[in-house]
Amino acid sequence: MNLILILPTEIKPENRVQLTDQRAVHIRKVLRAEAGKSIRLGLLNGPFGTGTVQAVSEESVSLLCEWEADAPPRPAIDLLLAMPRPKVLKRLWAQFAALGLGRIYITNAEKVERFYFDTHVLQPEFYHARLIEGLQQARDTRLPEVNIVRNLTPFLRNAEFAGIGKRIIADPSGTQSILQCMESCTESSVPPRCCLAVGPEGGWTPSELDLFRESGFELFGMGSRILRTDTACIGLCCMLAEILRKGV
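Residues numbered from 1 in each chain as written. Predicted model: local features only at pLDDT ≥ 70, side-chain atom pairs only at ≥ 80, totals over all residues. Heavy atoms only, no water.

Help me get a handle on the side chain of Arg142, residues and values and all.
In this structure, Arg142 sits in the loop between helix H3 (124-138) and strand E8 (145-149). Within the buried set, Arg142 has no salt-bridge partner at all; the shortest N-O distance to an opposite charge, 6.3 Å, is to Asp140. Among the polar contacts made by the side chain of Arg142, one reaches the main-chain carbonyl oxygen of Pro72 at a distance of 2.8 Å. Leaving out residues up to four positions away in the same chain, Arg142 has contacts with Asn45, Ala71, Pro72, Pro73, Arg74, Pro75 and Leu135. (Helix = DSSP H or I, 4+ residues; strand = E, 2+ residues; numbered from the N terminus. Buried < 20%, exposed > 50% of the residue type's maximum accessible area, 1.4 Å probe, protein only. Lys, Arg positive; Asp, Glu negative; His and termini not counted. Salt bridge = Lys/Arg side-chain N within 4 Å of Asp/Glu carboxyl O. Polar contact = N/O pair within 3.5 Å; in protein donor to acceptor, adjacent residues only side chain to side chain. Contact = heavy atoms within 4.5 Å.)

Spelled out as structure tokens, the structure:
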């Protein structure tokens, strides 16, 4: 836990916060904080800050908080992911937040089993806690926006991606690389929002690929290797973040 995240609803008058959950345990046992010590804080979807420990007990930790003026920007990468097996998605939630995603679209696809959408892994109370875990690991405050899309076709055709300047889709049939796809964007001094689409382990169907092309997505591949969903997501998000960061 490299950042203690505070919810806006937890802030009491005079910017005081009292923690009684695992964060308090971490402050007490891992940071070994005593009264007067300062620790790194973040306000969920808000700025970073500093918390000065006021009191420590077996039940709670009391902090006096001071916040910076501005919040960090929302990450510029959005992910559209065909629903993977629930146990895979369970592992991915925290990684998504740690990697830095602005929006996450979990969508249906022709090769996705319909019963996958019945899982508790898609319930907000489940994934919210894991997204928070990822933010605290990566030292970020911006909670990814999660959207569950049960019907891909109308979603893409209804221009749901307003404000996204670049749309790319990964598929083994792609003949150009992700770097080639992004070349036009890296020439700009202000990197655009980018939506990355990753399909199910069975792949997108030809009709789905046509639909993505009609919706402005550019196709790229990663070579001849077929990767699992979790490997592809993490690898591609890292590559895309580095491309946008360096502008190469």
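Which residues make up the pattern of salt bridges, and what values go with them?
Inspection of the entire model under this criterion finds 11 salt bridges. For the salt bridge of Arg23 with Glu10, the shortest nitrogen-to-oxygen distance reads 2.5 Å. Of this pair, Arg23 sits in helix H1 (residues 22-30) while Glu10 sits in the loop between strand E1 (4-6) and strand E2 (16-19); the two residues are 13 residues apart in sequence, bridging distant segments of the chain. Ionic pairing is found between Glu14 and Arg16, a salt bridge with its closest N-O pair at 3.4 Å. For Arg16, a relative accessible area of 34% gives the class partly exposed. Salt bridges sharing partners connect three or more residues here, namely Asp78, Arg103, Glu145 and Arg193.

So what's going on with helix H7 (residues 229-246)? Residues and values would help.
A rise of 1.5 Å per residue sets the reference length of H7, with its 18 residues, at 26 Å; its end C-alpha atoms lie 26 Å apart and thus fit the reference within 8%. Of the positions making up H7, those classed as buried are Thr229, Asp230, Ala232, Cys233, Leu236, Cys237, Leu240, Ile243 and Leu244. (Expected span 1.5 Å × (residues − 1).)

Before we move on, could you go through the state of the cysteines and cite the residues and values that matter?
In this structure the tally under the stated criterion is 0 disulfides. The cysteine Cys238 is free of any disulfide, with Cys237 supplying the nearest cysteine sulfur at 7.1 Å. For Cys238, a relative accessible area of 39% puts it in the partly exposed group. (Disulfide = S-S within 2.5 Å.)

Can you break down a nonpolar patch on the surface residue by residue, with the values?
Among the surface-exposed residues, Met222, Leu227 and Met239 lie close enough to one another that they form a single nonpolar patch of about 230 Å² accessible area. Mapped onto the fold, Met222 is located in the loop between strand E11 (218-220) and H7. For Met222, a relative accessible area of 38% corresponds to the partly exposed category. (Patch = residues over 30% accessible without salt bridge, like charges linked within 9 Å, V, L, I, M, F, W, Y side chains within 5 Å. Areas by Shrake-Rupley, 256 points an atom, 1.4 Å probe, with all protein chains shown as cover.)

Describe the sheet that holds strand E3 (residues 38-43), naming the residues involved and giving the relevant values.
Taken together, the 5 strands give an open sheet; going across it, the order is E1-E3-E4-E5-E2, and neighbouring strands pair in mixed fashion. With one partner strand each, in any of the chains shown, E1 and E2 form the two edges of the open sheet. The average angle at which neighbouring strand axes cross in this sheet is 40°, direction not considered. In terms of strand pairing, E2 meets strand E5 (residues 61-67) through 4 bridges, oriented antiparallel. Bridge pairing in E5 places Leu19 opposite Val61. (Pairing = 2+ DSSP bridges. Axes fitted to C-alpha atoms, helices over the stretch in contact; angles between N-to-C directions.)

Tell me about the packing of aromatic side chains, and name the residues and values.
Considering all chains together, one arrives at 6 aromatic pairs under this definition. One aromatic cluster in this structure is built from Trp93, Phe96 and Tyr127. Directly above the aromatic system of Phe126 lies the positively charged group of Arg130, at a separation of 3.6 Å from the ring centroid. (Phe/Tyr/Trp six-rings, centres within 6.5 Å; stacked < 30°, edge-to-face > 60°. Lys NZ or Arg CZ within 6 Å of the ring centre and 35° of its normal.)

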